[in-house]
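The residues making up each chain are set out below.
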Amino acid sequence: MSADASVGALSERTGFDAYRDARAIIRLIQCSRCSYPLRVPVTLPCGNTICRMCLPRSHVRAGISYPANQERQEGFTCPFSDCTKEHSLADSNPDVVLGKVLELIGEEVAKCKTESSEKPMLLEEQAVVHPSMASSGLQFDRPRSRVLHGGRLLATYTFAEMGELAFNSDVIYKPLYDDEDGGLALDMMLLDRLKEVVRNEFDCQVCYALMLNPVTTPCGHTFCRRCLTRVLDHSLLCPLCRRSLSISPALTNEPNNERICRILATICPEHLASRTETVTREEQGALGESQVPLFVCTLSFPSMPTFLHIFEPRYRLMIRRTLETRTRTFGMVSYNRTREPQGNLGTVEFREYGTLLRIINAQMLPDGRSLIETVGVSRFKVKDWSILDGYVVGSIDRYDDISLVEEERIEAAETDPARRSNANGSSSPTAQLDHLSTRDLLDIGMNFIRRMRDNSAPWLHQRVLEAYGYPPEDPALFPYWFASVLPISEHEKYKLLPTRSVRERLKITARWVRRAESQRWYSGTCTVL
Ligand SMILES: [Zn+2]
Ligand SMILES: [Zn+2]
Ligand SMILES: [Zn+2]
Ligand SMILES: [Zn+2]
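Computed from a prediction, not measured in an experiment: that's the story for all the values here.

K.L.:
Could you clarify how one ought to interpret the overall build of the protein chain in this entry?
P.N.:
A tally of helices and strands in the protein chain yields 17 helices and 16 strands. Residue burial in the protein chain is summarised as follows: out of 529 residues, 48% are buried. When contacts within the protein chain are restricted to residue pairs at least 6 apart in sequence, long-range pairs at least 24 apart make up 65% of them. Entry remark: accessible area of the protein chain is about 25,000 Å², with carbon and sulfur atoms responsible for 51%.

Here is the structure:
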């Protein structure tokens, strides 16, 4: 049911007309499944919109142990033919903007109905044959017809509201009165009133301008794509309702809200074009400011502390400059001791993946040295670098995990019993880790830590725990903590930085445990893997 696509034709025409395009305008707010004007619209993770009551029956999703919350365990198969994926119910909440817009339109139309009882018109439904629209809920069997009042726009809305106008159908209008303009003036007036009442609803609550490339979050709030990525650079919480968001901060897999895009392209194409132009200009202006100071020193991980003693003059300068910035952040990259080529950077003295650190405490000593306490914010990949006053600066790309939805899909696929039984006989013990649930992979690490503490392993001394905290229960963070305390080579630990999923990281830590156990590490002495 990729029926939504049919609305697109309207926006490609230059200019549109309340009278000529009345049918297409009403289709913008119709549910493609039940054909009524959208009732409690829900925008799905694939960007398609449907009434909440039109969501398919839900089922318990198989093979997902992370995240373990109840809400994500229930899902349904997406009814849109351009998607058909499984969506979690937790990601399918009412679309706040569209809900409000539909409500305002309903109210305004109701006012209009009481005002215009003259100008009766015969509306006849007309089938549109389009292969991609075949499975709409309200089927067109034989044309329905009605005598309705008002201009075309009002009459078409009423027709849809009565549940008699299939989403895919067209309408033939036959005025039953003598009037030269055929209700044209009424249509123009109603459309202007509708535009007026909904106008402010399409302002982004981050930049307060018209939404550009609107993305709807799993909690149902909509922002410009650019605004949302900027907010997510700082925290994974929705800027409106503060719910934590199960999306990847770069929004690579989050499509635009299709409905809102089409509505905006229809009701305010000029405004949209000028917004696009302004933003493009701003972004060109911002290029060149994105250089980040890079400290070539040690391995750091997100959410973990790094303590630094700054004594080299070039780094004193770098830290002083960082302390003057609003974010107090700099990049930490580790030495490339083995001189391995680093992707596009070639052979450089540092490794290409690093961690952005925020200074949370700085103690300046009288002789100019300083003691700095930092915490890891996020990972990055260095795109390009140069030297500024003796230290390295680089342009970096933020580097994040895939979305939770993607994470769940991979776990379900890898733990599928059919695949597991195939692999059991032949594969090595480390390959078998691939088929364990994410929760089981975490438990391998957690249980190992518990046994090591019982054996009083020196690397789990109280002083270490005071600095790094106790092992985090969050499977996404556990590997970073583990790598921070475990006495193994930097080369091994570095493998965590380029990972893209929680599972991938937990498999690495589970492999460390397996190898440590096979080397009889229980004695508590430190072995380098
Ligand atoms: Zn979908
Ligand atoms: Zn519906
Ligand atoms: Zn915005
Ligand atoms: Zn929200």
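The discussion continues.
K.L.:
Which parts of the structure should I look at to understand the coordination of the zinc ion (ligand 2)?
P.N.:
Tetrahedral metal sites with four donors have an ideal angle of 109.5 degrees; octahedral sites with six donors have ideal angles of 90 or 180 degrees. Donor atoms from the polypeptide that bind the zinc ion (ligand 2) are C31 (SG), C34 (SG), C51 (SG) and C54 (SG), placed at 2.2 to 2.3 Å. Coordination at the zinc ion (ligand 2) is tetrahedral, judged from the four donor atoms that bind it and the angles of 103 to 119° they form at the metal. Site description for the zinc ion (ligand 2): donor spacing in sequence, C-x2-C-x16-C-x2-C. Separated by 20 residues along the polypeptide, C34 in the loop between α2 (22-27) and β1 (41-43) and C54 in the loop between β2 (49-51) and β3 (59-60) bring together distant segments of the chain.

K.L.:
Explain the nonpolar core to me, please; I cannot follow it from the model alone.
P.N.:
It is characteristic of soluble globular proteins that their nonpolar side chains tend to be buried jointly. Of all hydrophobic cores here, the largest spans 67 residues; its most connected members are L44, I50, I105, L123, F202 and L264. Excluding residues that lie within four positions of it along the chain, L264 makes contacts with F202, L210, M211, P269 and L272. Counting residues in each nonpolar core, the second largest holds 37 residues, with Y399, L441, A457 and L506 among its members.

K.L.:
When you look at the coordination of the zinc ion (ligand 1) in this model, what are you seeing that I'm missing?
P.N.:
Protein coordination at the zinc ion (ligand 1) comes from C46 (SG), C78 (SG), C83 (SG) and H87 (NE2), with a distance range of 2.1 to 2.4 Å. Classification of the site at the zinc ion (ligand 1) rests on its four donor atoms, whose angles at the metal span 101 to 119°, yielding the label tetrahedral. In the primary sequence, the donor residues of the zinc ion (ligand 1) line up as C-x31-C-x4-C-x3-H. Taken as a pair, C46 in the loop between β1 and β2 and H87 in strand β5 (residues 86-88) lie far apart in primary sequence, 41 residues in all. We classify H87 as buried; its relative accessible area is 4%.

K.L.:
Mind showing me how you'd approach the packing of helix α15 (residues 478-485) against helix α17 (residues 502-518) here?
P.N.:
Two quantities define a packed helix pair, namely the angle between the axes and the distance from one axis to the other. As a packed pair, α15 and α17 sit with axes 9 Å apart at the nearest point and diverge in direction by 35°. Crossing of α15 against α17: the hand is left-handed. Counting all contacts with α15, which are made through F478, P479, Y480, F482 and A483, the residues of α17 involved are R505, L506, T509, W512 and V513. Per-class residue counts for the contact of α15 with α17 are eight nonpolar, one polar and one charged.

K.L.:
When you look at the pattern of salt bridges in this model, what are you seeing that I'm missing?
P.N.:
Note that side chains of opposite charge can pair when their charged atoms are close. Evaluated as defined, the whole model comprises 30 salt bridges. Ionic pairing is found between E312 and R314, a salt bridge with its closest N-O pair at 2.8 Å. With relative accessibility at 30%, the residue E312 sits in the partly exposed group. Residue E490 pairs with R351 through a salt bridge whose shortest N-O separation is 3.9 Å. Highlighted residues: E490 in helix α16 (residues 490-493) and R351 in the loop between β13 (329-334) and β14 (353-364), separated in sequence by 139 residues. A relative accessible area of 8% places R351 in the buried class. If you follow the salt bridges from partner to partner, you end up with R61, R72, E86, D91 and E408 in one network.

Rules and cut-offs
Every chain begins its residue count from 1, and numbering advances along the sequence as written. A letter from A marks each chain and a number from 1 marks each ligand, given out in the order of writing. pLDDT decides what is reported in this predicted model: residues at 70 or higher carry local features, side-chain atom pairs at 80 or more are listed and counted, and totals for whole chains, interfaces and linings draw on all residues regardless. Each side-chain value is derived from all of the structure's non-hydrogen atoms; neither hydrogens nor water enter the calculation. In this description a helix means any DSSP run of H or I spanning at least four residues, a strand means any run of E spanning at least two, and both kinds are numbered starting from the N terminus. Relative accessibility thresholds used throughout: buried, under 20% of the residue-type maximum; exposed, over 50%; partly exposed, between the two (1.4 Å probe, protein chains only). Any two residues having at least one pair of non-hydrogen atoms within 4.5 Å are treated as being in contact. To measure how exposed things are, a 1.4 Å probe is used in the Shrake-Rupley method; for residues, cover is taken only from the protein chains shown. Sites may look incomplete, because water is not among the atoms used; the donor set itself consists of N, O and S atoms within 2.8 Å of the metal (3.2 Å for Na, K and Ca). Tetrahedral means four donors with every angle between 85 and 135 degrees, whereas square planar (four donors) and octahedral (six donors) require angles over 155 degrees between opposite donors and between 65 and 115 for all others; sites fitting neither are termed irregular. To define a nonpolar core, start from buried Ala, Val, Leu, Ile, Met, Phe, Trp, Tyr and Cys residues and group those joined through side-chain atoms within 4.5 Å. Simply put, an axis is a line fit to the C-alpha atoms, just over the touching stretch for a helix, and the angle between two N-to-C directions goes from 0 to 180 degrees. Each crossing is labelled by how the near helix is turned from the far one, with a counterclockwise turn of less than a right angle marking it left-handed and a clockwise turn marking it right-handed. Charged residues are taken to be Asp, Glu, Lys and Arg, nonpolar residues to be Ala, Val, Leu, Ile, Met, Phe, Trp, Tyr, Cys and Pro, and polar residues to be all remaining types, Gly included. One speaks of a salt bridge when a side-chain nitrogen belonging to Lys or Arg is within 4 Å of a carboxyl oxygen belonging to Asp or Glu.

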